[in-house]
Amino acid sequence: MTVSHAPPSAIPAPLEKPSAPTRTPPELEAVVPASVRRSRLRAAPRWVRRAVGPLLLLVLWQVFSATGVLDPDVLASPGTIARAGADLMADGTLPAAMGVSLQRVVVGLLIGGVIGTSLALVSGLSRLGEDLVDATVQMLRTVPWVGLIPLFIIWLGIGEAPKVALIALGVAFHLYLNVYAGIRGVDAQLIEAGTSLGLGRWGLVRHVVLPGALPGAMTGLRYSLATAWLALVFGESINADAGIGFLMNQAREFFRTDVIVVCLVVYAFLGLTADVIVRILERLLLQWRPTFTGQ
């Protein structure tokens, strides 16, 4: 019996599976943690980050002025204000006015600081002093000190005295409240520890009470400086013949909004400078107190 063999060409080829379409892998994006993104923002100097808001405001202000959206009679453009400030600096008008206003603030701050701190020490360190002083100060504090301007003019005239008295009055109340609260906020356990170490009354005041009240005093000083500039604005707007407020009154008579804004900027600059000085004092005097500085 013969077996026939089919030729190789007659044998069917095995079925091949269709090849799957090739897929391009998706592109992967690097995941940046939120902490890294925040650190990139923090990489810029702090003064640059703090200047972003004011610069953006100036740009918008200049754009609105240039396009006519903001009427120059209502508010001058930043360029016009800068030229007015340069002219006032060149002829010596603005430096002279700043010197007069600074002198008023310094004198009023010293007088009000001495009065407010002294009353706070008397009231805070003694129960008898509290009974004699605190009720009177709290009663006077509720009186609007700006409303006392007519009385100051009647009592002290229209010279420098009423302006300085107005500043001193506002400063004294803020310092009194904060120094008094700082003294009464000292931990009683620290007083007990000082007593157990043999400190007498004045030793406790010097080494325990006053250092413990110093943070409150620094806070009161910052509030007092802000109040001093506010009182200066009110004082110089009435019967002033020199100072920044006098320049503002003259500019108001001639509708010079550029000069008015220059004076306001000077007020703000002087107030900011005073606040920076107090911050430096806090860093020097309160090195022993660790504080939270933000994240």
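Residues numbered from 1 in each chain as written. Predicted model: local features only at pLDDT ≥ 70, side-chain atom pairs only at ≥ 80, totals over all residues. Heavy atoms only, no water.

Novice: Describe the overall build of the protein, naming the residues involved and giving the relevant values.
Specialist: Summing up its helical and strand segments, the protein has 11 helices and 0 strands in all. The order of helices and strands in the protein, counted from the N terminus, is α-α-α-α-α-α-α-α-α-α-α. Here the protein holds 295 residues, and 31% of them are scored as buried. Of the contacts formed within the protein by residues at least 6 apart in sequence, a portion of 70% connects residues at least 24 apart. Accessible surface, the protein: about 20,000 Å² in total, of which carbon and sulfur atoms supply 67%. (Helix = DSSP H or I, 4+ residues; strand = E, 2+ residues; numbered from the N terminus. Buried < 20%, exposed > 50% of the residue type's maximum accessible area, 1.4 Å probe, protein only. Contact = heavy atoms within 4.5 Å. Areas by Shrake-Rupley, 256 points an atom, 1.4 Å probe, with all protein chains shown as cover.)

Novice: Lay out the packing of helix α10 (residues 244-253) against helix α11 (residues 257-285) with the relevant residues and their values.
Specialist: Packing of α10 against α11 brings their axes to within 8 Å, and their N-to-C directions diverge by 160°. By the angle class used here, α10 and α11 are roughly antiparallel. The hand of the α10/α11 crossing is left-handed. Taken together, the residues of α11 that come into contact with α10 (itself represented by I244, G245, L247, M248, A251 and R252) are V259, I260, C263, L264, V266, Y267 and L270. For the contact of α10 with α11, a count of residues per class yields 11 nonpolar, 1 polar and 1 charged. (Axes fitted to C-alpha atoms, helices over the stretch in contact; angles between N-to-C directions. Parallel < 35°, antiparallel > 145°, perpendicular 65-115°, else oblique. Left-handed = near helix turned anticlockwise from the far one by under 90°. Nonpolar A, V, L, I, M, F, W, Y, C, P; charged D, E, K, R; others polar.)

Novice: Describe in detail a nonpolar patch on the surface, supporting the description with residues and values.
Specialist: Residues L272, V276, I277, I280, L281, L284 and L285 make up a contiguous nonpolar surface patch of roughly 610 Å² in combined accessible area. Along the polypeptide, L285 turns up in helix α11. (Patch = residues over 30% accessible without salt bridge, like charges linked within 9 Å, V, L, I, M, F, W, Y side chains within 5 Å. Salt bridge = Lys/Arg side-chain N within 4 Å of Asp/Glu carboxyl O.)

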